[in-house]
Amino acid sequence: MTTQVNVKPIHEQNYLKDNALIKLLFGGVFTIDGIVTFFELATWASLVLAYAAFAMLIGALFYVFKVFTNKVRKETSKYDNFQDEYLNHINMKGYKYAFNSAFMSLNVILAVTVFSGDLLAVFSPKDFCQLVLGLVCISYSLPVLYMLKDTEDE
Amino acid sequence: MNETLDNHIAKLRSKRKISQQRLADAIGVSRKTISTVETGRFTPSVVIALKLARYFEVPVERIFELELID
């Protein structure tokens, strides 16, 4: 026998949206940090990107707080399962995109290291993790947010 | 041979003059689920199909139709 807590679909939708926004903002922070570390940018460009990353970090922390106060969290975070079918479908689709982008990027990096190991010597393990994490977070959140975008009630 | 799933939810809704939100609330799903099912972007489970049939008081086949395309 399974027990199911009645959660309103709108609360689940808000939870999924906030979660995707957190991942998008953290993805942005990781990517910007990776770019600033990897490329030798002009001081003003680094400063602009650092401010953008800081703003994203603040935004992400705001949404983390919002998600933690959402009553849906306890039910969905256990198995990352949504009671609403469509929300479950787009959550899984987001993971599919994230997996494929991680799989492809890691394959490309692996191929590069096989043919020219020196090319990646400039990457520290921290930069490498940040870039892959940034890519994974962004490729999860963008399709989810796109599929969640509002349409008019007919 | 390809198959496409067609549905008559929009027609049934407009006959009864109910909004997507009202239908969604009645069967316990999000409005997004209803709108994406209506436009054919999302194929629902049997559970939702049966809930829709019960709500509209028609057989499932009157709501969903499998069309064969040569």
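From a predicted model like this one, the values you see are computed outputs, not experimental measurements.

### Points about the interface of chain B and chain A
Listed by partner, the interface residues are 17 residues for chain B and 14 residues for chain A. Both faces combined, the contact of chain B with chain A buries some 1200 Å², and carbon together with sulfur accounts for 46% of it. The largest per-residue losses of area from chain B upon contact with chain A belong to Arg 31, Lys 32 and Phe 42 of chain B, which jointly make up 46% of the total buried on that side. At the boundary of chain B and chain A, one finds 0 salt bridges. Our enumeration of links across chain B and chain A arrives at 4 residue pairs in polar contact (both at pLDDT 80 or more). Counting only elements with at least two residues in the side of chain B that touches chain A, the list comes to helix H2 (20–27) and helix H3 (31–38) of chain B. Considering each element in turn, the side of chain B that touches chain A owes the most residues, 6 residues, to H3 of chain B. Classifying every residue of the side of chain B that touches chain A gives 4 nonpolar, 9 polar and 4 charged.

### Brief notes about a positive patch on the surface
On the surface, Lys 11, Lys 15, Arg 16 and Arg 62 of chain B cluster together into a patch of positive charge. For Lys 15 of chain B, the position within the fold is in helix H1 (residues 9–16).

### As for unusual backbone geometry
All names here are of chain B. Phi is positive for Lys 17, close to 55°, though the residue is something other than glycine. Along the chain, Lys 17 falls in the loop between H1 and H2. On the basis of relative accessibility, which here comes to 73%, the residue Lys 17 falls in the exposed class. Of note, the phi angle at Glu 57 is positive, near 55°, even though the residue is not glycine. Positionally, Glu 57 belongs in the loop between helix H4 (46–56) and helix H5 (60–63).

Each value, and the rule that gives it
- Residues numbered from 1 in each chain as written.
- Chains lettered and ligands numbered in written order.
- Predicted model: local features only at pLDDT ≥ 70, side-chain atom pairs only at ≥ 80, totals over all residues.
- Heavy atoms only, no water.
- Contact = heavy atoms within 4.5 Å.
- Buried area = accessible area lost by both parts, 1.4 Å probe.
- Salt bridge = Lys/Arg side-chain N within 4 Å of Asp/Glu carboxyl O.
- Polar contact = N/O pair within 3.5 Å; in protein donor to acceptor, adjacent residues only side chain to side chain.
- Helix = DSSP H or I, 4+ residues; strand = E, 2+ residues; numbered from the N terminus.
- Nonpolar A, V, L, I, M, F, W, Y, C, P; charged D, E, K, R; others polar.
- Patch = residues over 30% accessible without salt bridge, like charges linked within 9 Å, V, L, I, M, F, W, Y side chains within 5 Å.
- Areas by Shrake-Rupley, 256 points an atom, 1.4 Å probe, with all protein chains shown as cover.
- Lys, Arg positive; Asp, Glu negative; His and termini not counted.
- Charge placed at Lys NZ, Arg CZ, Asp CG, Glu CD.
- Buried < 20%, exposed > 50% of the residue type's maximum accessible area, 1.4 Å probe, protein only.

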